[in-house]
Amino acid sequence: MGSDYSNAEIKSWETINGIEVPMDARGKYLDWQDVSEDRTEARRLTDPYGTMQHSIGGEGEDGDFTVYLEYAELPDGRIALDSCWDSDSAGTIDRFAYEVVSREEATGAAVALCDLAIEACFNNEVHAGEDPYDFARAVAEHCGGTMPEGTEAPPWDELRVCDEDPENVTFELVFHNDADSYVSEIYGVEKGENPVDAAWAVCRRFGWDKDRPGASREGSDA
């Protein structure tokens with residue numbers, strides 16, 4: 001068994017494919033392979049805040065808001081999608097969403113969960129981050145699903161934003177190649193525009209979303 005935080009009290013059991021799977025008070029599945037000797041506790045099967053492997057959100061002008069996400073597979077192949085939200089500025093952490101879906105439905109459900117988290121970030125005046133569909137792509141890879149258009153990973157490796165002057169926000173993009181790195185020119189961000197959206201616009205303008213720039217093209221070594 002792990003630490004106290006990573007464990008939860010068992011409130012019920014469900015037999016899935018001949019395996020007794022414990023559940024907590026909220027109906028979330030626990031890890032049937034890591035149960036205490038007295039069968040009263042089990043490790044959490046999904047623990048998005050504990051692993052912090054996938055996240056959407058970050059800091060804004062008036063505070064922070066982040067949704068953490070994680071998934072796990074049950075003995076019958078169904079996928080549990082779990083998420084919680086956290087705000088250090090508000091001193092709050094709470095459940096965001098939890099659902100169990102079939103393997104075939106998992107990719108679409110994960111994309112929908114990311115969309116919900118992106119909307120929550122917008123409502124809290126926080127940018128969703130550079131790659132808000134990273135979690136959904138991980139689920140798609142695990143389940144053999146297909147991601148919809150508009151959910152691709154950013155083509156750049158680093159987005160360097162300079163926002164010391166709110167009236168003159170700029171950015172540059174860094175692409176790491178096998179032997180060197182390419183640094184783009186400095187580009188401006190329109191007032192009220194998300195730097196990530198501006199970066200995508202630049203990449204599409206120069207075709208970098210399809211072909212990564214190299215050191216032989218305009219730019220410099222990082």
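Before going into details, it helps to say that this report is about the structure given with it. (Residues numbered from 1 in each chain as written. Predicted model: local features only at pLDDT ≥ 70, side-chain atom pairs only at ≥ 80, totals over all residues. Heavy atoms only, no water.)

We now examine the nonpolar core. Of all hydrophobic cores here, the largest spans 23 residues; its most connected members are Ile56, Leu81, Phe135 and Val139. Within the residue set of this core, elements represented by two or more residues are strand E7 (63-73), strand E8 (79-87), helix H2 (106-123) and helix H3 (134-143). The element best represented in this core is H2, accounting for nine residues. If we skip the residues at most four places from it in the chain, valine 139 touches Tyr71, Leu81, Ala106, Thr107 and Ala110. Among the nonpolar cores identified, the runner-up in size contains 16 residues, and Trp156, Phe175, Tyr182 and Val202 belong to it. (Core = buried A, V, L, I, M, F, W, Y, C linked by side-chain atoms within 4.5 Å. Buried < 20%, exposed > 50% of the residue type's maximum accessible area, 1.4 Å probe, protein only. Helix = DSSP H or I, 4+ residues; strand = E, 2+ residues; numbered from the N terminus. Contact = heavy atoms within 4.5 Å.)

This part covers the sheet that holds E8. The sheet built from four strands is open, its strands ordered E6-E7-E8-E9 with antiparallel pairing. The open sheet has two edge strands, strand E6 (54-60) and strand E9 (92-101), and neither has a second partner. Direction aside, the axes of adjacent strands within the sheet are offset by 10° on average. Note: E6 against E7, seven bridges, orientation antiparallel. Along E7, the bridge assignment pairs isoleucine 56 with valine 67. Most of the contacts of H2 go to E9, to which it runs at about 155°, and overall it touches E6, E7, E8 and E9. Contacting E6, E7 and E8, H3 runs over the sheet at an angle of about 5° to E7. (Pairing = 2+ DSSP bridges. Axes fitted to C-alpha atoms, helices over the stretch in contact; angles between N-to-C directions.)

Following the criterion strictly, the structure yields twelve salt bridges and no others. Between glutamate 14 and arginine 78 there is a salt bridge, with the nearest N and O atoms lying 3.8 Å from each other. Here the residue glutamate 14 occupies a position in strand E2 (residues 12-16), and arginine 78 occupies one in the loop between E7 and E8, the gap between them amounting to 64 residues. Look at glutamate 14 and you get partly exposed, because its relative accessible area is 28%. Among the residues examined, arginine 78 registers a relative accessible area of 25% and is labelled partly exposed. Of the charged contacts, one joins aspartate 131 and arginine 137 as a salt bridge, the two residues approaching to 2.4 Å between their closest N and O atoms. Three or more residues are tied together by salt bridges with common partners; here these are Glu14, Asp76 and Arg78. (Salt bridge = Lys/Arg side-chain N within 4 Å of Asp/Glu carboxyl O.)

Take the environment of alanine 80 next. Within the secondary structure layout, alanine 80 lies in strand E8. Sequence-wise, alanine 80 and tryptophan 208 are 128 residues apart; in three dimensions their C-alpha atoms are separated by 35 Å. Every residue in contact with alanine 80, bar those within four places of it in the chain, is listed here: Thr46, Glu70, Tyr71, Ala72, Tyr98, Glu99 and Val100.

Another aspect to go through is the packing of aromatic side chains. Counting across every chain of the model gives ten aromatic pairs. With 5.0 Å between their ring centres and 25° between their planes, phenylalanine 206 and tryptophan 208 make a pair best called stacked. Residue phenylalanine 206 is classed as partly exposed on the basis of its relative accessible area, which comes to 38%. Following the ring pairs from residue to residue traces out a cluster consisting of Phe171, Phe175, Tyr182, Tyr187, Phe206 and Trp208. The ring of tryptophan 13 carries arginine 39 above its face, with NZ or CZ at 4.1 Å from the centroid. (Phe/Tyr/Trp six-rings, centres within 6.5 Å; stacked < 30°, edge-to-face > 60°. Lys NZ or Arg CZ within 6 Å of the ring centre and 35° of its normal.)

With that settled, the discussion passes to the pairing of E2. The sheet contact formed by E2 and strand E3 (residues 19-23) spans five bridges and is antiparallel. Of the residues in E3, the one forming a bridge with serine 12 is methionine 23. Hairpin connection, E2 to E3: the antiparallel pair is bridged by two residues, and asparagine 17 has positive phi, about 50°.

Roughly 1,300 Å³ of volume is contained in the largest pocket. Sorting the residues of the lining of the largest pocket by element identifies E6, H2, strand E10 (158-162) and helix H4 (195-206) as the ones contributing at least two each. Considering every element that reaches the lining of the largest pocket, the biggest residue donor is H4, with five residues. Of the pockets and cavities examined, the second largest pocket occupies roughly 330 Å³. If you go around the second largest pocket, you meet 15 residues; those closest to its centre are Tyr5, Arg26, Lys28, Arg44 and Cys84. Looking at the lining of the second largest pocket, the elements with two or more residues in it are helix H1 (48-51), E8 and E9. (1 Å grid on protein atoms, 1.4 Å probe; cavity = no way out; pocket = protein on both sides within 12 Å on 5 of 7 lines; lining within 4 Å. Points joined across faces, edges and corners; volume = space filled by probe spheres on them.)

By themselves, these are just geometric observations and shouldn't be taken as functional.
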